[in-house]
Structure formats: C-alpha cells, structure tokens
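# A look at the structure
Single-letter residue listing:
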Amino acid sequence: MEQMLDLLEVVAAEGLWIGSEAPIDRAVKREGFQQAIDSDDDEVFIAAPGGVVVGFISLWKRHGVVDLGMLVGPEWRGQGVGRRLLEEGIGWAKQRGAHKMALQVWPHNAAAIALYHRYGFHREGHLRRHWRRRNGELWDSLLMGLQLEEGDRRGHLG
Ligand SMILES: CC(C)(COP(=O)(O)OP(=O)(O)OC[C@H]1O[C@@H](n2cnc3c(N)ncnc32)[C@H](O)[C@@H]1OP(=O)(O)O)[C@@H](O)C(=O)NCCC(=O)NCCS
C-alpha cells in the first residue's frame, strides 16, 4: 500500500498526466485504495516485478459501468506494463458482467489515449474547462468508453 502511495505521489508530482496533484493526501488515498480492495464492486491490480510496485490500475463498477484510472512509474513506461494492467482491468470488468468501461483523460496525454485506442476505447465526449487545477488553470478532459456488450442504443440524438 505505501509503495502504491509513493508511486501515486511521483506521478502526481509530474503534474501532467493524472487528476491527483502533489502533495497527495496519503490518508485519504490510503482509505480509497483499501475500500477498493475490500469492495466487491471495486478492484486494484498492481504490477510489481520483483516486489517493487511500478504501476497499478484502479477500477470502480457502478451501474454496470467500470470506471478506471491507471498509472505506470516514469522509468517503467513504454515496456508493456500499461498494456498488461489494462488487459487485467478489461478482463475483470467482463468477468463482473459490466456492459461498458469508461475513463477520463487529458487531451494532451497522447500515450494514454493511444493505449486506450489500442484496446478499443472510443472518444465519447469532451469536457471543456472542466477541472480546476491547483494553480487555478481549468483543464479540458476527454471521456472515453469501451463497449463490452453489443446491442441497440437508445437515448441518442441521432
Ligand atoms: C499511459 C500509461 C499508463 C501507458 O503505460 P505504459 O506502460 O507506458 O504503456 P505500454 O508500454 O504498455 O504501451 C502500450 C501502448 O500505449 C501506447 N503508448 C505508450 N507510450 C506511448 C507514447 N509515449 N506515445 C504514444 N503511444 C504510447 C502505444 O499504443 C502502446 O502500444 P505499442 O507498444 O503496441 O506501441 C503510462 O504512460 C503512464 O502511466 N503515464 C502517466 C500516467 C497516466 O497518464 N495515466 C493515465 C491517465 S488517463
């Protein structure tokens, strides 16, 4: 758990890729991770070669939709860790009977967007000036989704 928090702190401190910003509130994050581990509707998968946590994916199932967040430590990127974590996450969502996966990503996060596209996620929306950063800036985010179940769509505008 402490290694996960350390990794979250490192990626948050990069200030570019994830919603969390440094310094993170370790007590709040620890509780969130613990809840995810304890709950049947949530899950966390960790990549820990040799016992060192280098990445993780968090999953939350609500109303049949699994939301995800993930990260890999800076020195471990580009080596297939993200792919393996996402495959675990998609497998978990399917096994739980979810009909869809969803996430938000900053529009400038080309690596993450490419990873999600590679696994069949499509862009479903664009939130403009939506997220207030600690420096006061307002950032856009993209909504991406992966359909896990075929079928007709209702409620769309055409
Ligand atoms: C996004 C992230 C999770 C990808 O993990 P990773 O371990 O580096 O990714 P992988 O090595 O498994 O690469 C998987 C795919 O992602 C894409 N990708 C990864 N790095 C990329 C880069 N720098 N540029 C473009 N595409 C990239 C490619 O499609 C790649 O597939 P390929 O190897 O067949 O080309 C990782 O870069 C990361 O943690 N970034 C910081 C945190 C973050 O952005 N989290 C997601 C927030 S929405």
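Treat the numbers as computed from the prediction; the structure is a model and nothing was measured. (Residues numbered from 1 in each chain as written. Predicted model: local features only at pLDDT ≥ 70, side-chain atom pairs only at ≥ 80, totals over all residues. Heavy atoms only, no water.)

### Looking at the pattern of salt bridges
- The final tally for this structure, using the stated rule, is seven salt bridges.
- When the shortest N-O distance is used, the salt bridge between E2 and R30 registers 2.8 Å. Of this pair, E2 sits in helix α1 (residues 2-14) while R30 sits in helix α2 (residues 26-38), and the two are 28 residues apart along the sequence.
- The class for R30 is partly exposed, based on a relative accessible area of 31%.
- Linking R62 and D42 is a salt bridge whose minimum nitrogen-to-oxygen distance equals 2.9 Å. Here R62, found in strand β2 (residues 55-62), pairs with D42, found in strand β1 (residues 42-47); they are 20 residues apart in sequence, far enough to count as distant.
- Among the residues examined, R62 registers a relative accessible area of 41% and is labelled partly exposed.
- A network of salt bridges, in which partner residues are shared, links E2, D6, R26 and R30. (Salt bridge = Lys/Arg side-chain N within 4 Å of Asp/Glu carboxyl O. Helix = DSSP H or I, 4+ residues; strand = E, 2+ residues; numbered from the N terminus. Buried < 20%, exposed > 50% of the residue type's maximum accessible area, 1.4 Å probe, protein only.)

### Some words on the packing of aromatic side chains
- For the structure on display, the rule yields three aromatic pairs.
- Consider the rings of F33 and F56, whose centres lie 5.2 Å apart with planes at 90 degrees: the pair is edge-to-face. Here F33, found in helix α2, pairs with F56, found in strand β2; they are 23 residues apart in sequence, far enough to count as distant. Both residues of the pair, F33 and F56, count as buried.
- R133 extends its terminal NZ or CZ atom over the ring of W139, reaching a point 4.2 Å from the ring centre. (Phe/Tyr/Trp six-rings, centres within 6.5 Å; stacked < 30°, edge-to-face > 60°. Lys NZ or Arg CZ within 6 Å of the ring centre and 35° of its normal.)

### Some details on α2
- A rise of 1.5 Å per residue sets the reference length of α2, with its 13 residues, at 18 Å; its end C-alpha atoms lie 18 Å apart and thus fit the reference within 8%.
- Its side-chain oxygen 3.2 Å from the backbone nitrogen of A27, D25 forms the N-cap of α2. (Expected span 1.5 Å × (residues − 1). Polar contact = N/O pair within 3.5 Å; in protein donor to acceptor, adjacent residues only side chain to side chain.)

### Some thoughts on the pairing of strand β5 (residues 122-132)
- Examined bridge by bridge, β5 and strand β6 (residues 138-147) share seven bridges and lie antiparallel to one another. Directly across from R123, in β6, lies its bridge partner M144.
- In sequence, β5 turns back onto β6 through a hairpin of five residues, with G136 there showing a positive phi of about 95 degrees. (Pairing = 2+ DSSP bridges.)

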